Amino acid sequence: MSGVNRFYAQLVCEGKPFIKPKNYLGQGNTGIDIGPSTIAVVSETDAHLQAFASELEFNTQHIRRLQRKMDRSRRANNPDNFNSNGTLKKGSKHWNSSKTYLKTRASKANLERKLTAHRKSLHGELVNNILRKGNVIKLEKLSYKAFQKLFGKSVGKRAPGMFVSHLRSKAERAGGQVIEIPTYNTKLSQTCQCGRVRKKKLSERVHRCECGVVAQRDLYSAFLAKHISPDTFVLQVSQLLTDWQSAELRLQAAWRTATDTQLAIGRVFPSSFGRCPELERVAVKVFAKISKNQDVVGVSREPGRGCPVKEPPGFNESNALR
């Protein structure tokens, strides 16, 4: 209940805290890429892209109305503290707070308390899911203060810095490790596995390289982070190229699943997801309409490409090889 004083007693015991059996610690390396509104996770056998704390209920309009109501009340009860143009006077001031102002402030504090509790619960659920994927978590070391300047509303709502702190403390208690990679040395969002480094605009959400690699930008950054050496902060290229043969399809499937999930629940997927190529979806619809006695256009995949490419009508592989 709001408006009630509570007193708590905290008992601190020595030793390791209890860990539920379902929250076991996985084995292997896991790469993470955290953005203002999205998070990408790539492990040894899984890849996942989702909106960061998407279930968080944040009634921005209601909080804004309460803030305006509080401001009007302060101005009405403290006219001597403001200039004629509405700006605040300099120096020390005495503030008179009416009962309406105190009630409105308590309502706003109660909404923010609920938001904090819900966010903490979502952070804990996501941390447990990540720890089940691996015991060594690698992510870029970001400046969340800079994030707040650029994406103030999103960062204030989702608190990525608090999430990383929660992830680090819980991983250490479970026997895992969180490694933060300096962005100056690695430049994961600009680097390709072939060695090319190209600076991208923030609006460019798809990684495309001349070598043929096409992937969602955040998922590919998380994939590269997974293969960073924890000692030298250098890409382990040989292991990366070996893993890419199986990881390419997983990244494409995670990209497509993230988009479809947002659309299925009636939400517009964030622009930071990027738009996955529609070739495979179109092919599935065409196959469903073609009768069985008709020739079906073959589908093949170019080396290094994540989405299938339709072959032209009348194409014969045996004739093409002659």
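Up top you'll find the structure we're talking about.
Residues numbered from 1 in each chain as written. Predicted model: local features only at pLDDT ≥ 70, side-chain atom pairs only at ≥ 80, totals over all residues. Heavy atoms only, no water.

Observations regarding empty space enclosed by the protein
Spelled out, the test is: Cavities and pockets were defined on a 1 Å grid built over protein atoms only: a cavity is a set of grid points that admits a 1.4 Å probe from which the probe cannot escape, a pocket is an open set flanked by protein on both sides within 12 Å along at least five of seven lines, and lining residues are those with an atom within 4 Å of any such point. Grid points are joined across faces, edges and corners, and a volume is the space filled by probe spheres set on the points. Secondary structure follows DSSP: runs of H or I at least 4 residues long count as helices, runs of E at least 2 residues long count as strands, and numbering of each begins at the N terminus.
Tallied over the full model, the rule gives one cavity of 30 Å³ or more. Space inside the largest cavity adds up to approximately 30 Å³. Looking at the lining of the largest cavity, the elements that each hand over two or more residues are strand 1 (29-34) and strand 4 (136-141). In terms of residue count, the dominant contributor to the lining of the largest cavity is strand 1 (three residues).

Brief notes about the packing of aromatic side chains
In plain terms, the rule: Pairs were defined over the aromatic rings of Phe, Tyr and Trp, the Trp ring being its six-membered one, requiring ring centres within 6.5 Å. Orientation was assigned from the angle between planes: stacked under 30 degrees, edge-to-face over 60, tilted for the rest. Any residue under 20% of the maximum accessible area for its type is buried, any over 50% is exposed, and the rest in between are partly exposed; the area is computed with a 1.4 Å probe on protein chains only. Whether a charge sits over a ring depends on NZ of Lys or CZ of Arg being within 6 Å of the ring centre and within 35 degrees of the ring normal.
A complete count under the given rule lists seven aromatic pairs for this structure. Here Tyr 144 and Phe 147 contribute two aromatic rings whose centre-to-centre distance is 6.0 Å and whose plane-to-plane angle is 85°, an arrangement assigned as edge-to-face. Taken together, the residues Tyr 144 and Phe 147, both in helix 3 (residues 144-150) and three residues apart, mark about one turn of the helix. Using a relative accessible area of 17% as the deciding quantity, one classes Tyr 144 as buried. When the centroid spacing of 6.2 Å and the interplanar angle of 35° are considered together, the rings of Tyr 220 and Phe 223 count as tilted. Taken together, the positions of Tyr 220 and Phe 223, both in helix 7 (residues 217-226) and three residues apart, correspond to about one turn of that helix. One aromatic cluster in this structure is built from Tyr 144, Phe 147 and Phe 151. The ring of Trp 95 carries Arg 74 above its face, with NZ or CZ at 3.8 Å from the centroid.

A closer look at a positive patch on the surface
Which entries qualify depends on this criterion: Only residues whose relative accessible area exceeds 30% and that form no salt bridge are eligible for patches; like-charged ones are grouped when within 9 Å, while nonpolar side chains (Val, Leu, Ile, Met, Phe, Trp, Tyr) are grouped when within 5 Å. For the area figures, the Shrake-Rupley method with a 1.4 Å probe applies, and any residue is considered shielded solely by the protein chains shown. Definition used for salt bridges: Asp or Glu carboxyl oxygen within 4 Å of a side-chain nitrogen of Lys or Arg. His is not counted, nor are the chain ends; Lys and Arg add positive charge and Asp and Glu add negative charge. Every charge is mapped onto a representative atom, which is NZ of Lys, CZ of Arg, CG of Asp or CD of Glu.
On the surface, Arg 64, Arg 65, Arg 68, Lys 69, Arg 72, Lys 103 and Lys 153 cluster together into a positively charged patch. Top contributing element to the positive patch by residue count: helix 1 (residues 60-77), with five residues. With respect to the helices, strands and loops of the structure, Arg 64 is situated in helix 1. Residue classification places Arg 64 among the partly exposed positions, given a relative accessible area of 38%.

So, the nonpolar core
Applied cut-off: Residues belong to a common nonpolar core when they are buried Ala, Val, Leu, Ile, Met, Phe, Trp, Tyr or Cys residues joined through side-chain atoms within 4.5 Å. Every residue pair with non-hydrogen atoms within 4.5 Å of one another is taken to be in contact.
In this structure, Val 42, Leu 49, Leu 219, Tyr 220, Phe 223, Trp 244 and Leu 251 are the most contacted members of the largest nonpolar core, which totals 28 residues. Secondary-structure elements contributing two or more residues to this core are strand 2 (38-42), strand 3 (47-51), strand 7 (214-216), helix 7 and helix 8 (237-264). Among the elements that take part in this core, helix 8 stands out by supplying seven residues, more than any other. For Tyr 220, the residues in contact, after removing those within four places along its chain, are Thr 191, Cys 192, Gln 193, His 207, Val 213, Ala 215, Trp 244 and Leu 251. Counting 19 residues, the second-largest nonpolar core is a separate cluster that includes Leu 126, Val 127, Ile 130 and Leu 167.

A short note on the pattern of salt bridges
Tallying each qualifying case throughout the model produces nine salt bridges. For Glu 210, the salt bridge goes to Arg 196, with nearest N and O atoms at 3.6 Å. With Glu 210 in the loop between strand 6 (206-208) and strand 7 and Arg 196 in the loop between helix 6 (183-186) and strand 6, this pair connects stretches of sequence that are 14 residues apart. Judged by its relative accessible area of 70%, Glu 210 falls in the exposed class. The exposure class assigned to Arg 196 is partly exposed, which follows from its relative accessible area of 40%. Within the structure, one salt-bridge network assembled from shared partners comprises Glu 44, Lys 226 and Asp 243.

Focus on the pairing of strand 2
Keep this limit in mind: Here, strands pair whenever DSSP counts at least two bridges between them.
Of all the five residues making up strand 2, five are buried; the element is thus mostly covered by neighbouring parts of the structure. Side chains of strand 2 alternate between two faces, with Thr 38, Ala 40 and Val 42 and Ile 39 and Val 41 buried alike. Both strand 1 and strand 2 contribute to a ladder of four bridges, which runs antiparallel. Residue pairing for strand 2: Asp 33 is matched across the bridge by Ala 40.

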